[in-house]
Amino acid sequence: MEPAWLREGRGPYQQTSIVDFDGSKLEGLLKFIGRGLAWHHWKLYLRPDDDVSVMFLQDMGSAYFQSLIGSWRNAQRVVENLGNGTIQYVGVQAPEPPELSIWTISMYGGLVLSDDRRKSDGPIESYSVWWVITGPPEVSDTMARLK
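Residues numbered from 1 in each chain as written. Predicted model: local features only at pLDDT ≥ 70, side-chain atom pairs only at ≥ 80, totals over all residues. Heavy atoms only, no water.

A. Focus on the sheet that holds strand E6 (residues 101–107). Taken together, the 5 strands give an open sheet; going across it, the order is E3-E9-E6-E5-E4, and neighbouring strands pair in antiparallel fashion. Sheet topology places strand E3 (51–55) and strand E4 (76–82) at the edges, where each strand pairs with a single neighbour. Neighbour-to-neighbour, the strand axes of this sheet turn through a mean angle of 15 degrees, independent of strand direction. On the sheet, helix H1 (residues 23–42) packs against E3, E4, strand E5 (87–93), E6 and strand E9 (130–135) and is oriented at approximately 120 degrees with respect to E6. (Pairing = 2+ DSSP bridges. Helix = DSSP H or I, 4+ residues; strand = E, 2+ residues; numbered from the N terminus. Axes fitted to C-alpha atoms, helices over the stretch in contact; angles between N-to-C directions. Contact = heavy atoms within 4.5 Å.)

B. Geometry of the side chain of aspartate 50. Looking at the element boundaries, aspartate 50 is found in the loop between H1 and E3. Side-chain polar atoms of aspartate 50 contact the side chain of arginine 47, separated by 2.7 Å. When residues no more than four places from it in sequence are discounted, the contact partners of aspartate 50 are Arg35, Tyr45, Glu99, Gly135, Pro136 and Pro137. (Polar contact = N/O pair within 3.5 Å; in protein donor to acceptor, adjacent residues only side chain to side chain.)

C. Layout of the pairing of E5. In terms of strand pairing, E4 meets E5 through 7 bridges, oriented antiparallel. Among the inter-strand pairings, leucine 82 is bridged to a residue of E5, identified as isoleucine 87. Hairpin connection, E4 to E5: the antiparallel pair is bridged by 4 residues, and glycine 83 has positive phi, about 65 degrees. Pairing geometry for E5 and E6, over 7 bridges, is antiparallel. Note that in E6 the partner of isoleucine 87 across the bridge is methionine 107.

D. Spotlight on the packing of aromatic side chains. In this structure the tally under the stated criterion is 2 aromatic pairs. Members of the aromatic cluster, joined through ring pairs, are Trp42, Tyr89 and Trp103. (Phe/Tyr/Trp six-rings, centres within 6.5 Å; stacked < 30°, edge-to-face > 60°.)

E. Examining the side chain of threonine 134 more closely. Of note, threonine 134 is situated in strand E9. Of the polar contacts made by the side chain of threonine 134, one reaches the backbone oxygen of glutamate 99; its length is 2.8 Å. A distance of 2.5 Å separates the side chain of threonine 134 from the side chain of serine 101, its partner in a polar contact. In this structure threonine 134 touches Gly34, Leu46, Asp51, Val52, Glu99, Leu100 and Ser101, once residues within four positions along its chain are discounted.

F. Seen up close, the nonpolar core. Counting residues in hydrophobic clusters, the biggest one holds 17 residues, and the most contacted among them are Leu30, Tyr89, Trp103, Ile105, Trp130 and Val132. When contributions to this core are tallied by element, the ones reaching two or more residues are H1, E3, E6 and E9. Sort the elements by how many residues they give to this core and H1 lands first, with 5 residues. Excluding its chain neighbours within four sequence positions, the residues that come into contact with tyrosine 89 are Leu37, His41, Val78, Val79, Glu80, Leu82, Trp103, Thr104 and Ile105. Core analysis: the next-biggest nonpolar cluster, separate from the first, contains 11 residues, Leu57, Ala75, Val92 and Ile133 among them. (Core = buried A, V, L, I, M, F, W, Y, C linked by side-chain atoms within 4.5 Å. Buried < 20%, exposed > 50% of the residue type's maximum accessible area, 1.4 Å probe, protein only.)

G. Region of interest: the pairing of E3. Most of E3 sits out of view: 5 of its 5 residues are buried. Alternating residues of E3 divide into Asp51, Ser53 and Met55 and Val52 and Val54, and every residue in both groups is buried. Bridging between E3 and E9 involves 5 bridges; their strand directions are antiparallel. Following the sheet pairing, valine 54 is matched in E9 by valine 132.

Shown next as structure tokens:
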């Protein structure tokens, strides 16, 4: 753990701490969580060849993506807040194909992960909402283009 300064939006910098983190482990966990939530809420069994993708979108991109799924008609939706903000998620299941579901998940009131671009002199990008998308195998091609 190292000390760091973080600025949210245009607000003042605040002292915090940073920890090196292996995002691939979180990605693996979120894939299992997406499958489990689809079963728990809609009894949706995802076959072994169905795709489960995880996307870490910048917070600005996340808002745009949410507006897209907000327009789905006849979609099933679920909103949960577990442990007073410990884990929050929203799930949307498309009417067709039923395997297509999109989940947004945040933990600990919006735990912020950052892509450390300091090594390449780029900006540090933050991700506080994580996306899990399930669907039939043909969805994986679309998801690969979005990542």
